[in-house]
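If you want the building blocks of each chain, they are given just below.
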Amino acid sequence: MIMIDPLTMALSLIAGIGLGTIFFSGLWWTVRKAMTFPRPAHLFFGSLILRMSIALLGFYWIGKDDWKQLIACLIGFTIARLAVTWVTRQLDRVTKEVSHAP
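Just so you know, the residues in each chain are numbered from 1, in the order the chain's sequence is written. Thresholds applied to this predicted model are a pLDDT of at least 70 for local features of residues and 80 or more for the giving and counting of side-chain atom pairs; totals over whole chains, interfaces and linings are not thresholded and use all residues. Note that the side-chain values use all heavy atoms of the structure and ignore hydrogens as well as water.

(A) Summary view of the side chain of S12. For the purposes of this entry, the term helix denotes a DSSP run of H or I that reaches at least four residues, the term strand denotes a run of E that reaches at least two, and both are numbered from the N terminus. Considering the arrangement of structural elements, one finds S12 in helix α1 (residues 6-34). Each residue touching S12, except ones within four places of it in the same chain, is listed here: I62, Q69, A72 and C73. Any two residues whose heavy atoms approach within 4.5 Å are treated as being in contact.

(B) Expanded view of the packing of α1 against helix α2 (residues 40-63). The geometry of α1 relative to α2 is characterised by a closest axis approach of 10 Å and an angle of 180 degrees between their N-to-C directions. Here α1 lies roughly antiparallel to α2, going by the angle between them. The residues of α2 that touch α1, namely those facing S12, A15, L19, I22, F23, G26, L27, W29, T30, V31, K33 and A34, are P40, L43, F44, S47, R51, M52, I54, A55, G58, F59 and I62. Here the residues of the contact of α1 with α2 are counted per class, giving 16 nonpolar, five polar and two charged. Only C-alpha atoms enter the line fits that serve as axes; for helices the fit covers just the stretch in contact. Angles between N-to-C directions range over 0 to 180 degrees. Small angles under 35 degrees read as roughly parallel and large ones over 145 as roughly antiparallel, with 65 to 115 read as roughly perpendicular and the rest as oblique. When residue character is reported, Ala, Val, Leu, Ile, Met, Phe, Trp, Tyr, Cys and Pro are called nonpolar, Asp, Glu, Lys and Arg charged, and the others, Gly included, polar.

(C) Up close: α2. Multiplying one less than the number of residues by 1.5 Å gives the expected span of a helix. Look at α2: 34 Å from first C-alpha to last across 24 residues, which is about the 34 Å you get at 1.5 Å a residue. The buried label applies to any residue whose accessible area, calculated with a 1.4 Å probe on protein chains only, is under 20% of its type's maximum; exposed applies above 50%, and partly exposed to all values in between. Restricting attention to buried positions, one finds in α2 the residues L43, S47, R51, A55, G58, F59, I62 and G63.

The structure is reproduced here in structure tokens:
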């Protein structure tokens with residue numbers, strides 16, 4: 001029987017949350033900066049390469065020992081996506097309310 005170490009799974013989940021937070025926060029930052037950037041295509045491409053490199057290297061490093069760690073990392077990545085989406089919507093809503101104040 002294969003033993004699943006709860007500490008390892010928890011650390012993999014936390015690492016996935018960290019990777020997802022970096023990836024999706026970077027995407028949000030890129031979209032916001034692209035509006036004022038002189039060459040937005042370069043910004044999008046550079047951001048894509050950087051974010052994908054960090055995420056893929058992180059997944060490789062975490063999941064190389066066991067596929068269950070990779071799954072825990074992917075679950076954390078998905079949790080971070082939901083969290084960053086929620087937080088950025090709240091920030092955008094607050095920003096719009098402040099900018100439209102009389």
